Amino acid sequence: MAPILSVRDVSRRFQGLTALNGVSLDVEESSIVGVIGPNGAGKTTLFNLLTGFYKPTSGEIWFRGSRVDGLPLHRIAAAGISRTFQNIRLFSNMTAIENVLVGQHLHLQTNIATAVLGLPATTNAEQHAVEVAVAHLRFAGLGGRENELARNLAYGEQRRLEIARAIALRPKLILLDEPTAGMNPGESDAMIGLIRRLRDELGVTVILIEHQMRVVMGVCEYITVLDHGEVIAMGTPTEVQNDQRVIEAYLGTGHLKSGAAE
Amino acid sequence: MEQWIQLTIDGITLGGVYACIALGYTLVYGVLRMINFAHGELFMMGAFAGVYTLQGFQDHTSLNEDLPSLTITAAIFMGIVVAVVLAVLMERIAYRPLRHAPRLAPLISAIGVSIFLRNVMLRYTNARREVYPDVFPDGSIEIGDVSVSYIKLFLIGMSILFMVGLYLFIQRTKTGTAIRAVAEDRDTAALMGIDVDRTIVLTFVAGAALAGATGVCYGMYVGNAAAGMGFIPGIKAFTAAVLGGIGSVPGAMLGGYFLGLSEAYTTKLFGAQYKDVVAFVLLVAVLIFRPWGFLGKREDRRA
Amino acid sequence: MPGWRQHLPRPLTSAPYREALARFRETPAGANVFRFGPYALMPVLGAAAALAPTFFGTRMTFLIILVALYVLLRISDSLIGVAILALTLALLPTDMNSFEQNIMFNVALFTLLGIGLNVVVGYAGLLDLGFVAFFAVGAYLYALITAPDAGASEWAQTWDVGLTFWAVLPMALVLAALIGVLLGIPVLRLRGDYLAIVTLGFGEIIRILLTTEDYYTGGPRGMFLLPKPPFFGRELDTAYELYLVVLVLALIAVFAAERIRNSRVGRAWEAIREDEDVASAMGIDTTVYKLLAFAMGAAIGGVGGVVIAAKQGSVFPPDFSLEISINVLAVVIIGGMGNVRGILLGALLVIGLPDVLRDFSINFWAIHLDNIGQDYRLVIFGAALVAVMVLRPEGFLPSKRRVAEFREADLLQEEMAT
Ligand SMILES: Nc1ncnc2c1ncn2[C@@H]1O[C@H](COP(=O)(O)OP(=O)(O)O)[C@@H](O)[C@H]1O
Ligand SMILES: [Mg+2]
């Protein structure tokens, strides 16, 4: 089966700095893939390229049989890729449910004329959208928090609201940038459960950037390791864990060892 | 041919003024990513400070005739002082509390400051012009068929002097280095021990000093000061800053002269009434085709 | 963040006040006050409107209206509240003299314009400083189309289409929207701050062109003898009748703007205002939506222009100066960005109050200021813009959250829980 996402020899430079260098990566449909690597390895940059925030300096990105690099952000979203952000970027002065409703933008039809007329069809569609949004929030474990302003949510809730908003797009592929950052072990476990459900219940392909080895090993079926903008290893969690170059790259950071020990 | 040379000289004269004001926009934009809408009014207030100083000398002494160089220097100094004081106040009152507010807030606040200053002066002067005493020697030098008045030469020279001064300040002094560091990356600069608040104030001070001094020289050149005089030059200087690449010091200078010359030639080619239109046409054109300007850096969105 | 703001007295909207109000609202008596209070206020306002000018004079009347409206707007947000408000406003000037009626006309006109600009600035977060351009488009369109024989435009004299006010209104709406889109296309892709300057420049360019292109516009000599709106065989020519026309237009605009705001389109605007890149990553074509906001604001501005041209019966380039744009901006900001109810209050404060206090003077110790309303209005606006941004960015009538929409969600929630 053809991969849902295919990154082909992609590089990205910022002035002098090469953030990504010749990265190639295939992702199978309905898999959960981890991207790991030390800070500054280029993981977030990879996500930014996949979602159109940056354009690659060279290389191609193919998604479901068509080329998406260089497309504007909203076209990539429409193609079926959505994401969360390492530094949470919610619409902070909007309520939780409004955030999710914005995520449904592509699946609603109301325009200026129909909004002004306010015909029953429009009102019903809006009502339905609200119900769908509530369902998304409940999926992400935010039932009951609909009317809270995003900025007033607890940190962990904000991370989950980002996921609720991302699934509101009904994506084929979802990119999670450090979803458990700053969470305690209990919260991380809940997040692992949520990530699995994304795939198992919604059938979404997941790529996640993660630092906690416990999470990576626990949820990812396949792992790509980045270091200094290059892929230094890929494979199953066990293969990667025993890869000499990975161990070297992490030497001194202690991440892998402490993670593996858990 | 002489006419074109004459136009070129006019363009350089005006361009120097635009460049000096544009530097203030660019510096403040560099450190705060904010357009200081009220910057043109600092230029205007400088011109008023200058005219009142010279009128004071006129009324109470004979120094304007005996020692014009002294009174002119004093006028420029007063222009600088007034503009700097106002700039510090406006930063403190209208901008600093909004540093973390949504991006529209400081912009609207700046527009408020601009409207306020302009109309305070409009009331204070009863909407009349204040005429500069005749301190500067009349006359001109002739080169072939082209004649250039002394005051024009003075304005050209002063604007170059101010710019060189500012350039050295930015490049050679510790404060200048701090300003550049804050413009590059405020958080990193703070980590390296730079007092960001103080640096931002000093950036306003530097831009204001330049605008105030230029205001006095420009006022002497046109012969008066008026409440509305900062508005159009302010917008045009902003255009110059964008043309050159906002945030770039050499860009602001280049943009200023480019705009000054474009305007001078437009007067000849299309008629004087289109003089003010050309700046905006250029602004829109550059924003479409090269939004980072001649010398600016492209900025990626951050994620 | 500690600072001197902490030492100021608490604003009325601070938490304890709001909580007390909410508690009161939950008691049966409170609920009734909130439900029927607006109805009860209506005869009070009506009486005040009818009697006040005679008893108190213009100034006091105006202040009474202001206070009453503030109270009304604070406690009621329902459609009924708006209807009562509209009715009260419609009856208000019946007993006024023509000077006062003209003030009310201006208030209503700037409310209309404010609603238009608010779509751009408040909803979509785009700072448009050239709003007067669209106002001018509407006004000159009206002059050109309805008055072939009047004024200095030779171009208008070459044709005579015989259209009236009512036909020009939708034309102005469409034309202004189109011009808004044409102007917006090059600049809306760019950073917000640039937009402010480019629109400012555009407003100025329009005024310059109105002066220089005299074959079309009549230049500085303008166009005049423009007809009044016909209405069932007569003409609407008093200030009061034209006031009613604007009031109706403003009401329609409020209605449209509020509905759009509470729809997918309004949410897209709000998302763009909050974080443009993320909005785009949610699938929103930000350029299209910004253009939409710009076009809608422009359309309302164009309609306002038609009205002013009909009211004045003439158009001259200086009528379309930057000051109009600044006034409309002040109306929007002081009323509370993004909030249509506040706009009316903003218009009363920014447009009405200075006229009422036109010859008011302050003599206090060494300070002697005459003609406050007339001469110092812009000084005060400037300071007010800063003060509002620094102290009360949400304006004097902060917008209420749209809770109604989500009460349904709560219900759903409760059903599932039980
Ligand atoms: N917009 C940008 N401009 C300049 N450098 C950038 C930009 N974005 C990322 N970088 C650089 O690229 C490198 C990789 O960053 P990133 O992808 O964020 O790493 P991480 O793997 O920690 O997510 C870093 O050195 C970072 O400083
Ligand atoms: Mg990262």
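Residues numbered from 1 in each chain as written. Chains lettered and ligands numbered in written order. Predicted model: local features only at pLDDT ≥ 70, side-chain atom pairs only at ≥ 80, totals over all residues. Heavy atoms only, no water.

(A) Highlighting the interface of chain C and chain A. Listed as interface residues are 37 residues of chain C and, on the opposing side, 40 residues of chain A. Taken over both partners, the interface formed by chain C and chain A buries close to 3,400 Å², and the fraction arising from carbon and sulfur atoms is 62%. In this structure, the connection of chain C to chain A is made through three salt bridges. Between C:D275 and A:R89 there is a salt bridge, with the nearest N and O atoms lying 2.8 Å from each other. Remark: the boundary between chain C and chain A carries eleven residue pairs in polar contact (both at pLDDT 80 or more). Elements that contribute at least two residues to the side of chain C that touches chain A include exactly helix 10 (239–261), helix 11 (264–274), helix 12 (276–281), helix 13 (286–312) and helix 18 (404–417) of chain C. When its residues are assigned to classes, the side of chain C that touches chain A shows 19 nonpolar, five polar and 13 charged. (Contact = heavy atoms within 4.5 Å. Buried area = accessible area lost by both parts, 1.4 Å probe. Salt bridge = Lys/Arg side-chain N within 4 Å of Asp/Glu carboxyl O. Polar contact = N/O pair within 3.5 Å; in protein donor to acceptor, adjacent residues only side chain to side chain. Helix = DSSP H or I, 4+ residues; strand = E, 2+ residues; numbered from the N terminus. Nonpolar A, V, L, I, M, F, W, Y, C, P; charged D, E, K, R; others polar.)

(B) Structural detail: a nonpolar patch on the surface. On the surface, B:F77, B:M78, B:V81, B:V85, B:L89 and B:I93 cluster together to form a nonpolar patch covering roughly 520 Å² of accessible area. Structurally, the position occupied by B:I93 is in helix 4 (residues 68–95). (Patch = residues over 30% accessible without salt bridge, like charges linked within 9 Å, V, L, I, M, F, W, Y side chains within 5 Å. Areas by Shrake-Rupley, 256 points an atom, 1.4 Å probe, with all protein chains shown as cover.)

(C) Fine view of the coordination of the magnesium ion (ligand 2). All names here are of chain A. Within the protein, the magnesium ion (ligand 2) binds to T44 (OG1) and Q86 (OE1); these donor distances fall in the range 2.0 to 2.2 Å. With T44 in helix 1 (residues 43–51) and Q86 in the loop between strand 6 (81–83) and helix 3 (96–103), this pair connects stretches of sequence that are 42 residues apart. Given the relative accessible area of 18%, T44 is considered buried. Classification of Q86 as partly exposed rests on a relative accessible area of 32%. (Donors = N, O, S within 2.8 Å, 3.2 Å for Na, K, Ca; no water. Buried < 20%, exposed > 50% of the residue type's maximum accessible area, 1.4 Å probe, protein only.)

(D) Quick peek at the site of ligand 1. Residues and elements named next belong to chain A. Around ligand 1, a shell composed of F14, L17, A19, P38, N39, G40, A41, G42, K43, T44, T45 and Y54 is seen. A distance of 2.9 Å separates an oxygen atom of ligand 1 from a polar atom in the backbone of G42. With respect to ligand 1, the side chain of T45 contributes an N or O atom lying 2.6 Å from an oxygen atom. For ligand 1, whose free accessible area comes to 560 Å², the fraction covered by protein is 73%. When residues of the shell around ligand 1 are traced back to their parent elements, those giving at least two are strand 2 (17–27) and helix 1. Among the residues making up the shell around ligand 1, the classes are represented as six nonpolar, five polar and one charged. (Near = heavy atom within 4 Å.)

(E) Main features of the environment of C:L200. When you line up the elements, C:L200 lands in helix 8 (residues 192–212). A residue is classified by how much of its surface remains accessible, and C:L200, at 3% relative accessible area, is buried. For the pair C:L200 and C:G130, spaced 70 residues apart in sequence, the C-alpha separation works out to 4.5 Å. In this view, C:L200 contacts B:F37, B:F231, B:I235, C:L129, C:G130 and C:L322; residues no more than four positions away in its chain are not counted.

(F) Structural context of the sheet that holds strand 5 (residues 66–67) of chain A. Residues and elements named next belong to chain A. The sheet built from four strands is open, its strands ordered 2-1-4-5 with antiparallel pairing. In the strand order of this sheet, the two ends are held by strand 2 and strand 5, each with one partner. Bridging between strand 1 (residues 5–14) and strand 4 (residues 58–63) involves five bridges; their strand directions are antiparallel. Looking at the pairing, S11 lines up with S58 of strand 4. Contacting strand 1, strand 2 and strand 4, helix 1 runs over the sheet at an angle of about 115 degrees to strand 1. (Pairing = 2+ DSSP bridges. Axes fitted to C-alpha atoms, helices over the stretch in contact; angles between N-to-C directions.)

(G) The nonpolar core, seen in detail. Residues A:L5, A:I207, B:F37, C:L127 and C:W269 are the most contacted members of the largest nonpolar core, which totals 258 residues. For this core, the element with the most residues is helix 4 (residues 98–123) of chain C, which contributes 15 residues. Residue contacts for A:I207: discarding those within four places in its chain leaves A:L5, A:V27, A:V33, A:V35, A:F47, A:L50, A:L173, A:I174, A:L175 and A:L176. By size, the runner-up hydrophobic cluster in this structure holds 30 residues, among which are A:I195, A:V215, A:V240 and A:Y250. (Core = buried A, V, L, I, M, F, W, Y, C linked by side-chain atoms within 4.5 Å.)

(H) Molecular detail of the packing of helix 2 (residues 39–60) of chain B against helix 9 (residues 196–222) of chain B. Residues and elements named next belong to chain B. Contact pair helix 2 / helix 9: the axes reach a minimum separation of 7 Å and the direction vectors enclose 55 degrees. Judged by the angle between their axes, helix 2 and helix 9 are oblique. Handedness of the helix 2/helix 9 crossing: right-handed. In this structure, helix 2 contributes H39, L42, F43, G46, A47, G50 and L54 to the contact, and helix 9 contributes G207, A208, A211, G212, T214, G215, V216, Y218 and M220. Partitioned by chemical class, the residues of the contact of helix 2 with helix 9 number nine nonpolar, seven polar and no charged. (Parallel < 35°, antiparallel > 145°, perpendicular 65-115°, else oblique. Left-handed = near helix turned anticlockwise from the far one by under 90°.)

(I) Focus on the pattern of salt bridges. A complete count under the given rule lists 25 salt bridges over all chains for this structure. Ionic pairing is found between B:E91 and B:R99, a salt bridge with its closest N-O pair at 2.9 Å. Among the salt bridges present, the one from C:R273 reaches C:E270, with a minimum N-O distance of 4.0 Å. Of this pair, C:R273 and C:E270 both sit in helix 11, three residues apart, which is roughly one turn of that helix. We classify C:R273 as partly exposed; its relative accessible area is 31%. Bridged by salt links that share partners, the residues B:E91, B:R96, B:R99 and B:D197 form one connected network.

(J) Molecular detail of the interface of chain B and chain C. In this complex, chain B contributes 41 residues to the contact, which on the side of chain C involves 37 residues. Each partner contributes to the roughly 3,600 Å² buried at the junction of chain B and chain C, and carbon and sulfur atoms together form 78% of this total. Sorting the residues of chain B by area buried against chain C places B:R103, B:I108 and B:R123 first, and these three jointly supply 17% of that buried surface. Connecting chain B to chain C are zero salt bridges. Joining chain B to chain C, the criterion identifies one residue pair in polar contact (both at pLDDT 80 or more). Secondary-structure elements contributing two or more residues to the side of chain B that touches chain C are helix 4, helix 5 (104–124), helix 10 (231–244) and helix 12 (275–289) of chain B. Partitioned by chemical class, the residues of the side of chain B that touches chain C number 30 nonpolar, four polar and seven charged.

(K) Structural view of the packing of aromatic side chains. Residues and elements named next belong to chain B. By the definition in use, this model includes 22 aromatic pairs over all chains. Relative to Y221, the ring of Y218 has its centre 6.3 Å away and its plane inclined at 50 degrees; by these criteria the two rings are tilted. Taken together, the positions of Y218 and Y221, both in helix 9 and three residues apart, correspond to about one turn of that helix. Seen from their ring centres, F258 and F294 are 5.2 Å apart, and the 75 degrees between their planes marks the pair as edge-to-face. (Phe/Tyr/Trp six-rings, centres within 6.5 Å; stacked < 30°, edge-to-face > 60°.)

(L) Representation of the pairing of strand 7 (residues 173–177) of chain A. All names here are of chain A. The buried count for strand 7 comes to five of five residues, which makes it a mostly enclosed element. Neither face of strand 7 is exposed, since L173, L175 and D177 on one face and I174 and L176 on the opposite face are all buried. Pairing between strand 6 and strand 7: three bridges, direction parallel. Residue pairing for strand 7: R83 is matched across the bridge by L175.

(M) Representation of unusual backbone geometry within the structure. For A:D9, which is not glycine, the phi torsion reads 55 degrees and is therefore positive. Position of A:D9 relative to the elements: it lies in strand 1. The phi angle at B:R33 is positive, at roughly 50 degrees, despite the residue not being glycine. By secondary structure assignment, the location of B:R33 is in the loop between helix 1 (2–32) and helix 2. Accessibility expressed as a relative area gives 34% for B:R33, which makes it partly exposed.

(N) Region of interest: the packing of helix 5 (residues 132–146) of chain C against helix 7 (residues 165–187) of chain C. Residue and element names in this part refer to chain C. Where helix 5 contacts helix 7, the two axes come as close as 9 Å, and the packing angle between them is 140 degrees. The angle between helix 5 and helix 7 falls in the class oblique. In this structure, the crossing between helix 5 and helix 7 has a hand that is right-handed. Touching F134, V137, G138, L141, Y142, I145 and T146 of helix 5 are F165, V168, M171, A172, L175, A176, I179, G180 and L183, all from helix 7. A breakdown of the residues in the contact of helix 5 with helix 7 according to their chemical character gives 13 nonpolar, three polar and no charged.

(O) Quick look at the environment of C:P318. Here C:P318 shows up in the loop between strand 4 (314–315) and helix 14 (322–335). Sequence-wise, C:P318 and C:Y240 are 78 residues apart; in three dimensions their C-alpha atoms are separated by 25 Å.

(P) How the structure looks around empty space enclosed by the protein. Under the criterion given, the structure shown has seven cavities of 30 Å³ or more. Here the largest cavity is characterised by a volume of approximately 170 Å³. Elements with a minimum of two residues in the lining of the largest cavity: helix 2, helix 5 and helix 10 of chain B together with helix 8 and helix 14 of chain C. The residue makeup of the lining of the largest cavity, split by class, is 13 nonpolar, five polar and two charged. (1 Å grid on protein atoms, 1.4 Å probe; cavity = no way out; pocket = protein on both sides within 12 Å on 5 of 7 lines; lining within 4 Å. Points joined across faces, edges and corners; volume = space filled by probe spheres on them.)

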